[in-house]
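Here is how the chains run, residue by residue.
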Amino acid sequence: MFVTRKHLSRRAVLRGAGATLALPLLDCMVPALTALSRTAAAPDRLRRLGVFYVPNGMSMGYWWPRAEGSLEALPPTLQSLTGLEDRVLLLGGLADKPADLMEGGGDHARSAGTFLTASTFRLTTGADVYAAVSMDQVAARELGRETQLTSLELGIESNAMVGTCDGGSSCAYTNTVAWRTPTTPLPVERDPRAVFERLFGTSGSTDPAARLARLERDRTIIDAVASELHRLERMLGSGDRTKMSEYLDSVRDVERRITTAERQSSRELPLVDEPVGIPDDYATHAKLQMDLLALAYQTDLTRVSTFMLAREISGRAYPEVGVPDSHHPLSHHQDEPAKLARLHKINEHHFRQFAYLVEKLAAVPEGDGTMLDHTLMLYGTGISDSNTHFHDDLPIALVGGTKAGIKGGRYVRYPQGTPLANLWVTVLEKLGLPVETFGDSTGPLGRLTDV
């Protein structure tokens, strides 16, 4: 690492035995010859994209606001973002037409498998899957040129890419929404330890014995880079030292929670056939993954991510929020008010995990705003009414991204049946990556920046 008092490279890292610690955006990383003021330091290239997918449709009556226009209050499912209404842009009328055009296969596979590709896919139960490049990967090809990781795919449930899942379709179509090429689905990573080591490489080896030895020494990544960290801190101004301290506290906390989960998993659940380190509690697991994603963004290790809060046809129950029912069977609610209310509790529980990340990014200063300002996030699903498996009038929300020209605090409706792909064209344009067409798009969407 090369450090001077005047300027620190945006790509600078701290290195130690078996560990590499990326740094957050610091004031001293602003080029010394920039014509901008230091408060307007964050360049446009720091724009980020995050797509958050939820399965099994939505209890729609709890999702939509009462009327189009200004959001006086968030609808029930989104209540956990109260106070950040001005960052939320709800979009209605969008449809995933490719999911309806396919013959055969299950509705759930078709919803996830076409969500970000806007294209039909090959129905198969084998390894000969064929879809299309997903919108996030179009962005990743460009935004990933300056980052260590082209993109990050996270999830909570199964990441299997083989076998048969929904309606005779390969599990690749239900368990991910990200496709690097038409034949390369990108599996989600659900193990927080694996994500942490992908970001920071703390063991120096893939050998489980090496990882165990480090855990037994109770040696953290901060310990591994302590000497370089001490040298760096002497060269930083007071503002940067404060930023570094807060960042290091976050890294320590995440690593501590992962280690705790690993020890509890091996002690309390010796017979459970799942990777060590994955918390049994949904919210604990989701927040760990969200914290890791926030660190990946903060250190500019990646600028593109997808996150599946559960996989399609998920049968998970959520007794912790008063829903002992299996999610997928409950989603076939037959318009029964009690079932719709319980389904809403699941929907709201999922969104609350997302809101945790939004609030976290909103609290971290970055350049002329916050991390949230430079991050465009999309939350939604490829099924609206889960009882009918409709792929139209999808529940879609854009959050954050003021530097990408998104004006929140509104609910905007487009003509019924407007291609979802039109939104993908517009999102890419907002990220500075214009494309003429994508999937079944018919043109960009208007009204994202004004009423």
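For every chain, the first residue of the written sequence is number 1, and numbering continues from 1 along that sequence. Restriction of local features to residues with pLDDT of at least 70 applies here, the model being predicted, together with a cutoff of 80 or more for giving and counting side-chain atom pairs; totals for whole chains, interfaces and linings are based on all residues. As a rule here, side-chain values cover all heavy atoms of the structure and leave hydrogens and water aside.

Just checking my understanding: could you explain the overall build of the chain for this structure?
Strands here mean DSSP runs of E at least two residues long; helices mean DSSP runs of H or I at least four residues long; both are numbered from the N terminus. Regarding its fold elements, the chain presents 12 helices and 16 strands. Only protein chains enter the accessibility calculation, which uses a 1.4 Å probe. A residue is then buried if its area is under 20% of the maximum for its type, exposed if over 50%, and partly exposed in between. Residue burial in the chain is summarised as follows: out of 451 residues, 57% are buried. In what follows, a contact means two residues having at least one pair of non-hydrogen atoms within 4.5 Å. A fraction of 71% describes how many contacts in the chain between residues 6 or more apart in sequence connect residues 24 or more apart. We get accessible surface area from the Shrake-Rupley algorithm with a probe of 1.4 Å; when it comes to residues, only the shown protein chains can shield them. Put simply, the chain shows about 17800 Å² of open surface, and 51% of that area lies on carbon and sulfur atoms.

Is there a simple way to think about the pattern of salt bridges in this case?
Side-chain pairs of opposite charge can arise where the charged atoms are in close proximity. We count a salt bridge whenever a side-chain nitrogen from Lys or Arg sits within 4 Å of a carboxyl oxygen from Asp or Glu. Counted according to the given criterion, the structure contains 12 salt bridges. Residue glutamate 142 pairs with arginine 145 through a salt bridge whose shortest N-O separation is 3.1 Å. Since its relative accessible area comes to 38%, glutamate 142 is described here as partly exposed. Judged by its relative accessible area of 62%, arginine 145 is exposed.

Mind showing me how you'd approach the nonpolar core here?
Considering soluble globular proteins, one finds that nonpolar side chains tend to be buried as a cluster. Only buried residues count toward a nonpolar core. Its members are Ala, Val, Leu, Ile, Met, Phe, Trp, Tyr and Cys residues joined through side-chain atoms within 4.5 Å. Core analysis: the largest hydrophobic core is formed by 77 residues, its most contacted members being Leu21, Phe52, Leu81, Phe200 and Met244. Broken down by element, the residue count for this core peaks at 10 residues, all from helix α9 (residues 282–298). With 40 residues, the next largest nonpolar core counts Leu143, Val188, Trp424 and Leu428 among its residues.

In this structure, what is going on with the packing of helix α4 (residues 192–200) against α9? I would like to understand it.
Helices that pack against each other are described as a pair by the angle of their axes relative to one another and the distance between those axes. In the contact formed by α4 and α9, the axes pass within 10 Å of each other and the chain directions differ by 10 degrees. Considering the angle they form, α4 stands roughly parallel to α9. Counted together, Pro192, Val195, Phe196, Leu199 and Phe200 of α4 and His285, Leu288, Gln289, Leu292, Leu295 and Ala296 of α9 form the full contact between these two elements. Lys, Arg, Asp and Glu make up the charged group, whereas Ala, Val, Leu, Ile, Met, Phe, Trp, Tyr, Cys and Pro make up the nonpolar group; the residues left over, Gly among them, are polar. Of the residues contributing to the contact of α4 with α9, the split by class is 9 nonpolar, 2 polar and no charged. Helix axes are fitted only over the stretch in contact, all axes being lines through C-alpha atoms; the angle between N-to-C directions runs from 0 to 180 degrees. Relative orientations are named as follows: roughly parallel for angles under 35 degrees, roughly antiparallel for angles over 145 degrees, roughly perpendicular for angles from 65 to 115 degrees, and oblique for any other angle.

It is not clear to me how unusual backbone geometry should be interpreted in this structure. Could you clarify?
Its identity as a non-glycine residue notwithstanding, aspartate 300 has a phi of 60 degrees, on the positive side. Relative to the helices and strands, aspartate 300 resides in the loop between α9 and β9 (304–308). When its relative accessible area of 6% is taken as the criterion, aspartate 300 is described as buried. In this model, histidine 389 sits at a positive phi of 60 degrees, which is unusual for a non-glycine residue. Looking at where histidine 389 falls in the secondary structure, it is placed in the loop between β14 (375–380) and β15 (396–400). Residue histidine 389 is classed as buried on the basis of its relative accessible area, which comes to 14%.

What am I meant to see in helix α2 (residues 107–115) here?
Residues spaced three or four apart along an α-helix face the same direction, because each turn holds 3.6 residues. Burial analysis of α2 places 8 of its 9 residues in the buried class, which makes it a mostly covered element. Listed in full, the buried residues belonging to α2 are His108, Ala109, Arg110, Ser111, Ala112, Gly113, Thr114 and Phe115. Elements that come into contact with the buried residues of α2 comprise β3 (48–53), α1 (97–101), α10 (327–331), β14, β15 and α12 (420–430).

Quick question: what am I supposed to make of the pairing of β3 here?
Along any regular strand, the residues point their side chains to alternate faces of the sheet. In terms of burial, β3 is largely enclosed, as 6 of its 6 residues are buried. The side-chain alternation of β3 yields two buried faces, one formed by Arg48, Gly50 and Phe52 and the other by Leu49, Val51 and Tyr53. For two strands to count as paired, DSSP must find a minimum of two bridges between them. As judged from the 6 bridges shared by β3 and β14, these two strands associate in the parallel manner. Paired with valine 51 across the strands is leucine 378, a residue of β14. As judged from the 5 bridges shared by β3 and β9, these two strands associate in the parallel manner. Its bridge partner being in β9, glycine 50 is matched across the sheet by serine 305.

So what exactly am I meant to see when it comes to the sheet that holds β9 here?
Across the sheet, 8 strands lie side by side as β4-β16-β5-β15-β14-β3-β9-β6; this open sheet has mixed pairing. Because the sheet does not close on itself, it has two edges, and the strands there are β4 (69–70) and β6 (152–155). With 4 bridges joining them, β6 and β9 adopt parallel strand pairing. What sits directly across from glutamate 153, in β9, is threonine 306.

Would you mind showing me how to read the state of the cysteines here?
By definition, a disulfide links the sulfur atoms of two cysteines through a covalent bond. Count a disulfide wherever a pair of cysteine sulfur atoms falls within 2.5 Å. One pass over the structure, following the stated rule, counts 1 disulfide. One disulfide in the model links cysteine 165 with cysteine 171; its S-S distance is 2.0 Å. On the S-S bond that ties cysteine 165 to cysteine 171, the torsion sits near 95 degrees, and the link is right-handed. For cysteine 165, a relative accessible area of 26% gives the class partly exposed.

Whenever I open this one, the packing of helix α3 (residues 135–143) against α12 confuses me. Can you help?
Contact pair α3 / α12: the axes reach a minimum separation of 10 Å and the direction vectors enclose 15 degrees. Compared by their axis directions, α3 and α12 come out roughly parallel. Handedness of the crossing formed by α3 with α12: right-handed. Contacts between α3 and α12 involve Met135, Val138 and Ala139 from the first element and Trp424, Val427 and Leu428 from the second. A class-by-class count of the residues in the contact of α3 with α12 yields 6 nonpolar, no polar and no charged. It is the rotation of the near helix from the far one that decides the hand of a crossing: anticlockwise by less than a right angle makes it left-handed, clockwise makes it right-handed.

How do you make sense of the side chain of threonine 302 when you look at a structure like this?
Note that threonine 302 resides in the loop between α9 and β9. With relative accessibility at 0%, the residue threonine 302 sits in the buried group. Pairs of N or O atoms are called polar contacts if they sit within 3.5 Å, as long as, within protein, a hydrogen donor faces a hydrogen acceptor (for residues adjacent in sequence, only side-chain-to-side-chain pairs). One polar contact links the side chain of threonine 302 to the main-chain carbonyl oxygen of leucine 149, over a distance of 3.1 Å. A distance of 3.2 Å separates a polar atom in the side chain of threonine 302 from the backbone oxygen of valine 304. Setting aside residues up to four positions removed in sequence, threonine 302 forms contacts with Thr147, Leu149, Thr150, Ser151, Leu152, Ala296 and Tyr297.

So yeah, pure geometry; function would need other evidence.
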